[in-house]
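If you want the building blocks of each chain, they are given just below.
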Amino acid sequence: MENYSKARTAEQPCVCPFPGLPPDTPEVRVKDGSKIRNLLRYALSRMEAKPRAAEEEGRPAPEEGGVAVEGHQEAPGRPLCKQMIFTASGKGVSKAITCAEIVKRRVKGLHQLTKLLYSTAVEVWEPLEPAAGLDSLTVSRNLPAIWILLSLEPLDASQPGYQAPGRYDALWAQSANREEGGGFTRQRPGHRRKRGGGGGSGRGKGPGHQTGRSREANK
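Residues numbered from 1 in each chain as written. Predicted model: local features only at pLDDT ≥ 70, side-chain atom pairs only at ≥ 80, totals over all residues. Heavy atoms only, no water.

Trainee: Can you lay out the pattern of salt bridges for me, pointing to particular residues and giving the numbers?
Mentor: The full count for this structure, using the stated rule, is six salt bridges. As a salt-bridge pair, glutamate 123 and lysine 6 come within 3.5 Å of each other at their nearest N and O atoms. You can see glutamate 123 sitting in strand S4 (residues 111-127) and its partner lysine 6 sitting in strand S1 (residues 4-11), a full 117 residues away along the chain. According to the relative accessible area criterion, glutamate 123 is buried, its value standing at 4%. By relative accessible area, lysine 6 is classed as partly exposed at 44%. A salt bridge links arginine 29 to glutamate 27; the shortest N-O distance between them is 2.9 Å. Overall, arginine 29 belongs to the partly exposed group, its relative accessible area being 38%. (Salt bridge = Lys/Arg side-chain N within 4 Å of Asp/Glu carboxyl O. Helix = DSSP H or I, 4+ residues; strand = E, 2+ residues; numbered from the N terminus. Buried < 20%, exposed > 50% of the residue type's maximum accessible area, 1.4 Å probe, protein only.)

This is the structure we're talking about:
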C-alpha cells in the first residue's frame, strides 16, 4: 500500500438493535473527536427536568460532529424523553460508555441494555501516480460498535446485556474503607511485612554459618 493514499472513508449506517422504540427517541452518535461535555449537555437536557450542566454552562449549540440525533437539534422547552440511545464505533466506543455511566449517575432509576455488534467502514485508496497504471482500491473493514439504551421504563431483564438500576453509595463507601484500612488485609499504616522465610531475628545465619558455642562443641 506504499503506492496508495487514502482518499475517503465512509461508514455504512448500522440498523438499530432495539426494535419497538418510539420514533422520537434521541440517538446520540458518539465519535472519536466528540467532546464529552457537549454530549452530556444534550443528553441531560432531554432527560433531566433542570440539567445542572445547562444551568452552569449555558446551552450553546452542539459542535459539528459531536452529536448527531437523526437530524434533530437541541431546543429549549422540548418534552423530556424516557429513553435515550448512545451509539459509537471504533475509537468512540469507550467515550460512549463514559457518557452512559455519567448519565446513569445523574438520572436515577435508569435501566440499561447494551448490544455489541460490528459496523462496516469502506475505505477508498487512490494511487499516488495515476500514470503508473494502478487502479483505485476499495477496502471494507469491520469496526466494533456498541449500542447503549437507557430507559426510565423497565426493560426485559432476560435479554443479554441488561443492567438494572443500582445505587453506587455502597461501592464508594467500600472503597473509602479499604483506603483507610491500608488495603484488603487491613494492615496498619506504615506497617511493613518482613521479607524472606524463617522466624529467626539473627542476621547472616545460613547453612555454612555457625555460632561460637557450636564451634567449641565440635572441637
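Trainee: Report on the side chain of threonine 114, specifying residues and quantitative values.
Mentor: Within the secondary structure layout, threonine 114 lies in strand S4. One polar contact links threonine 114 to glutamine 112, side chain to side chain, over a distance of 3.0 Å. Not counting residues up to four positions away in its chain, the partners in contact with threonine 114 are Ile146, Trp147, Ile148, Pro160 and Gly161. (Polar contact = N/O pair within 3.5 Å; in protein donor to acceptor, adjacent residues only side chain to side chain. Contact = heavy atoms within 4.5 Å.)

Trainee: Any details on the nonpolar core? Residues and values, ideally.
Mentor: By size, the foremost hydrophobic cluster in this structure holds 22 residues, and its most contacted members are Val28, Val30, Met47, Met84, Phe86, Val103 and Leu150. Breaking this core down by element, the ones donating at least two residues are strand S2 (27-30), helix H1 (36-47), strand S3 (83-89), helix H3 (93-106) and strand S5 (137-151). At six residues, the largest contribution of residues to this core is made by H1. When neighbours within four sequence positions are excluded, leucine 150 is seen to be in contact with Lys82, Gln83, Met84, Phe86, Ala100, Val103, Lys104, Leu110, His111 and Gln112. The next biggest cluster of nonpolar side chains, apart from the first, holds six residues, and it includes Leu113, Trp147, Leu149 and Leu155. (Core = buried A, V, L, I, M, F, W, Y, C linked by side-chain atoms within 4.5 Å.)

Trainee: Residue-level account of H3, with values.
Mentor: Between the first and last C-alpha of H3 there are 20 Å, a value that for 14 residues agrees with the 20 Å anticipated at 1.5 Å per step. Along H3, the residues classified as buried are Val93, Lys95, Ala96, Cys99, Ala100, Val103 and Lys104. Looking at the buried positions of H3, the neighbouring elements they touch are S2, H1, S3, S4, S5 and strand S6 (162-163). (Expected span 1.5 Å × (residues − 1).)

Trainee: Mind laying out the environment of alanine 145, listing which residues take part and the relevant values?
Mentor: Mapped onto the secondary structure, alanine 145 falls in strand S5. Given a relative accessible area of 6%, alanine 145 falls into the buried group. The sequence separation of alanine 145 and leucine 117 amounts to 28 residues, and the corresponding C-alpha distance is 5.3 Å.

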